[in-house]
Amino acid sequence: METILESHTTPPAPVEAERPSRLTLPVEGMSCASCVGRVERSLRALPGVSDVAVNLATGRASLALPDGVPPSRAVEAIREAGYDVPESVTAVSVEGMSCASCVGRVERALMALPGAVSASVNLATGRAELHHAAGTVSLSDVEAAVRQAGYEPRALGAAADASHADRQEREASALRRDLIVAAVLSAPVVVLDMGSHLLPGFHHAVTGLLGAGGFAWMQAVLATLALAGPGRRFFRIGVPNLLRGHPDMNALVALGAGAAYLFSLVSTAAPWWLPAGSAHLYFEASVLIVTLILLGRTLEARAKGRAGAAIARLIDLSPKTARRVEGATEREVPAADLTIGDRVRVRPGERVPADGLVASGASFVDESMITGEPVPVEKGRGARVVGGTLNTTGSFDFTVDRTGADTALARIVRMVEEAQGGKLPIQALVDRVTLWFVPAVIAIAVLTFLAWLVLGPSPALGHALVAGISVLIIACPCAMGLATPVSIMVGTGRAAERGVLFRQGAALQALRDARVIALDKTGTLTEGRPRLTDLVTAPGFSRESVLALAGAVEARSEHPVARAIAAAARDAGALPDAEAFEAVPGHGVSARVEGRAVALGNRRYMERLGVTIAALDADAARLALEGKSPIFAAVDGRLAALVAVADPVKPEARAALDALRARGLTVAMLTGDARATAEAVARSLGITEVEAEVLPEGKVAALRRLREAHGPVAFVGDGINDAPALAEADIGIAIGTGTDIAVESADVVLMSGALTGLVEAVILSRATLANIRQNLFWAFAYNAALIPVAAGGLAVFGGPQLSPVLAAGAMALSSVFVVGNALRLKRAGGTA
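Note that the structure is predicted; figures quoted are calculated from it, not measured.

Cut-offs and rules
- Residues numbered from 1 in each chain as written.
- Predicted model: local features only at pLDDT ≥ 70, side-chain atom pairs only at ≥ 80, totals over all residues.
- Heavy atoms only, no water.
- Helix = DSSP H or I, 4+ residues; strand = E, 2+ residues; numbered from the N terminus.
- Buried < 20%, exposed > 50% of the residue type's maximum accessible area, 1.4 Å probe, protein only.
- Contact = heavy atoms within 4.5 Å.
- Pairing = 2+ DSSP bridges.
- Axes fitted to C-alpha atoms, helices over the stretch in contact; angles between N-to-C directions.
- Phe/Tyr/Trp six-rings, centres within 6.5 Å; stacked < 30°, edge-to-face > 60°.
- Parallel < 35°, antiparallel > 145°, perpendicular 65-115°, else oblique.
- Nonpolar A, V, L, I, M, F, W, Y, C, P; charged D, E, K, R; others polar.
- Expected span 1.5 Å × (residues − 1).
- pLDDT = per-residue confidence, 0-100.

A.B. asks: Residue-level account of the overall build of the chain, with values.
C.D. replies: For the chain, the helix and strand inventory stands at 30 helices and 29 strands. Within the chain, the proportion of its 832 residues that are buried is 52%. In the chain, once contacts between residues fewer than 6 apart in sequence are set aside, the share between residues at least 24 apart is 69%.

In structure tokens:
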């Protein structure tokens, strides 16, 4: 199996530690001896640190750390000194985790590695990530730490993903098989034990047939088979963890079921070892605990499979083969064999096998899997096509320019996986509680047992055993461990289906907490493509002739406004040739067209050319108030027309912003455009807070002012100049049709570019966090309410004592409830 090391940076070769307490870190940014001294002083200030050495030539710092100082403090000290320690991320898949205490154990093992900065382990996805100083930790170190914690690491990657899916399916099949075997073995035990309570004379009939000893030994044999067969999985994992001093859910089940079984076995084989009157049989409790928990795990595995269905569907969208065009022939090849520059043919009904540009042909392509938009998009020569999208009607050839991990689909899958594997800040509460939860449960169970043994009615031993086992079983923290990650998995998967990519799980909570949505104008609120909106002619000139002359001149310019005028002129007919083209920066352009002198520009340019514009001055003022850019056109020294160009507001923008305001959000606009244009767009969209004529650093300052006035700020942008603002905002949201730099700077990406995706993102973030709160409340309230009941709290006041069987059923159902509640997010979304 190929071993994959996932890193955000390319780490240098691992550095061998001189001794266990020795730490060596790479340091970036040092340029002279004073830098060395500054880093050394910062490291020596750490408590207990000794033998500090910083080498400018190698760019490394080494030091001896005492046991009480984590390596992350050394990293922080270097950064506080003004330098940087590059980070890498090493990720593995972890098998064998079953509850929140397992997660905490793996995280603690990873954080014990030298150079570790932070660790994140996700129970739902089985993924562990260690952020560490580059070059200080290798993949084999991470795998060894996972094994030392008692779990099995697996590699990540394309091949590993497939094998991981196979293992999940095998595990689900094994659970179903064990459940069936456990049910078959436990059914006779339950019938033998419970029949006497339900049917008069049943007990006498069975004992008459088997004898009193045979009745007990038959239950013992069946219970032994159940615990040694399907129940073995709990003992195989739980007992070693218990002996290591790190008990988990499996340990609780092993203790509970094992205690009931051993007590019953002693009652059967050597009842004289027990106090008089206390030799009762609890075989049915031991086998039903195993059966019901296997039932819960089976249902949980099935539900978790559905929770990860979104990303599985994305992966399945990539076709396995492609039609590569080679000269006059085409040949079917594996899609994985495509290389950049290959020409590929796509027929109607086929999926595009890679990213590229259409070389010939035309069609409509369904891109809903990328953008969430259901309407197929027209594709012609030069248009971009994305791997995994569905060709509908026509046929076309395209040239491959991205393959494998660089395709849009692969990047989307990677983003969703990273988001699903992440942790929300709210998870810190769960981690703190579950760190000591299982040991506390065992302590409560022991105290419960002793309390009933000392204070309970005679025969006290039976009551004490039932109460202690019930506490052990009912308090398994499975639901706590699943409460957050399953909701994140389903929520981010649903968002991806709707064309919204959360690049990290924490972005869900950050967007939910946002109080202000600030948006860039061009390309975000508007289409980003200026169009000719008005053409007012002066007396003696026709619209057709002026448009042709103006279009011929502007066709020589690369300015966006010029391209809009030229495009409108081409749509109206063929353009004549322009000669002697001249551009005057900040003023306008001029050329000779068909022997006539043509000039286009602003008021200052016309005054410079001596052209009187009084006849159309009022129209120019009106158009400017509407947010349009008025341009005067002169022919042969006379005013010929007034041309207006504007960047149209996106058709869905007003409804989307109204929906945001209806959800209590303040909407603001930040733009570098002219104030008159910005305010006109703002009026049409109902935006009252406008910052116009601001440079990129001005947007950052504006965001800080908005944060001080209203609270956490989300910023939506699409251009290179928006990258600083996207990074400054509490949550950065990029338009997916914008630049790669903007996308890489953002926490959330709206793939379609439509602002309805922004509303979807807000709705899904709020729905996911609400779902997490519900799950956490259920998980914590369940344990807080039922542990006292299991300990016999009701029996003290004359009520019933909770059976271990009911405790096992309730525990299993709690996990199923949490996963089932998270699956409701699959129906979340919609901007209505």
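Read on for the rest.
A.B. asks: Could you give an account of the sheet that holds strand 5 (residues 116–122), naming the residues involved and the relevant values?
C.D. replies: What the 4 strands build is an open sheet, ordered 5-6-4-7; its pairing is antiparallel. Each edge of the open sheet carries a strand with a single partner, namely strand 5 and strand 7 (152–154). The average undirected angle you get between the axes of adjacent strands in this sheet is 30°. Here 7 bridges tie strand 4 (residues 87–95) to strand 6 (residues 127–133), and the two strands are oriented antiparallel to one another.

A.B. asks: How would you summarise the sheet that holds strand 3 (residues 60–64) if you had to cite specific residues and measurements?
C.D. replies: Strand order in the open sheet formed by 3 strands is 1-3-2, with antiparallel pairing between adjacent strands. Each edge of the open sheet carries a strand with a single partner, namely strand 1 (22–26) and strand 2 (50–55). Going from strand to strand, the sheet's axes swing by 10° on average, the running direction of each strand aside. One ladder, built from 5 bridges, connects strand 1 with strand 3; its direction is antiparallel. Paired with Arg-22 across the bridge in strand 3 is Ala-64. On the sheet, helix 1 (residues 33–44) packs against strand 2 and strand 3 and is oriented at approximately 155° with respect to strand 2. Along the sheet, helix 2 (residues 71–80) contacts strand 1 and strand 3; its crossing angle with strand 1, the most-contacted strand, is approximately 40°.

A.B. asks: With reference to specific residues and values, describe the packing of aromatic side chains.
C.D. replies: Considering all chains together, one arrives at 3 aromatic pairs under this definition. For the ring pair Phe-396 and Phe-398, a centre distance of 6.4 Å and an interplane angle of 50° mean the geometry is tilted. Since its relative accessible area comes to 0%, Phe-398 is described here as buried.

A.B. asks: I'd like a rundown of the packing of helix 17 (residues 506–513) against helix 28 (residues 756–790), residues and numbers included.
C.D. replies: Remark: helix 17 packs on helix 28, axes separated minimally by 8 Å, with the N-to-C direction vectors making an angle of 105°. One finds that helix 17 runs roughly perpendicular with respect to helix 28. Touching Leu-508, Gln-509, Leu-511 and Arg-512 of helix 17 are Ala-761, Val-762, Leu-764, Ser-765, Arg-766, Thr-768, Leu-769 and Arg-773, all from helix 28. Taken together, the residues of the contact of helix 17 with helix 28 sort by class into 6 nonpolar, 3 polar and 3 charged.

A.B. asks: Explain helix 1 residue by residue, including any values.
C.D. replies: Taking 1.5 Å of rise per residue, 12 residues should cover 16 Å, and helix 1 covers 16 Å from first to last C-alpha, within 8% of that figure. On its buried side, helix 1 packs onto strand 2, strand 3 and helix 2.

A.B. asks: Outline the pairing of strand 27 (residues 713–717), listing residues and values.
C.D. replies: Counted residue by residue, strand 27 has 5 buried out of 5 residues, so it is predominantly covered. The alternating pattern of strand 27 places Val-713, Phe-715 and Gly-717 on one face and Ala-714 and Val-716 on the opposite face, and all of these are buried. Two strands pair when backbone bridges link them, and strand 18 (residues 516–520) and strand 27 are joined in this way by 4 bridges, in the parallel orientation. Counted as the bridge partner of Ile-517 is Ala-714 from strand 27.

A.B. asks: I'd love a proper account of unusual backbone geometry, names of residues and values included.
C.D. replies: For Ala-580, which is not glycine, the phi dihedral falls at a positive 55°. Considering the arrangement of structural elements, one finds Ala-580 in strand 20 (residues 578–584). The exposure class assigned to Ala-580 is exposed, which follows from its relative accessible area of 60%. Even without being glycine, Glu-594 reaches a positive phi, approximately 50°. Structurally, the position occupied by Glu-594 is in the loop between strand 21 (588–593) and strand 22 (596–601).

A.B. asks: Pulling in residues and values, what's your account of helix 28?
C.D. replies: Counting along an α-helix, one turn takes 3.6 residues, and residues three or four places apart therefore face a common direction. Look at helix 28: 50 Å from first C-alpha to last across 35 residues, which is about the 51 Å you get at 1.5 Å a residue. Immediately beyond the C-terminal end of helix 28, within one or two residues, lies Gly-792, with a positive phi of roughly 100°.

A.B. asks: I'd like a description of the confidence of the model for the chain, backed by residues and values.
C.D. replies: With 84% of its residues at a pLDDT of 70 or more, the chain has an overall mean of 79. Taken as a whole, residues 1–20 scores under 50 in pLDDT and shows 43 contacts with residues more than four places along the chain or in a different chain.

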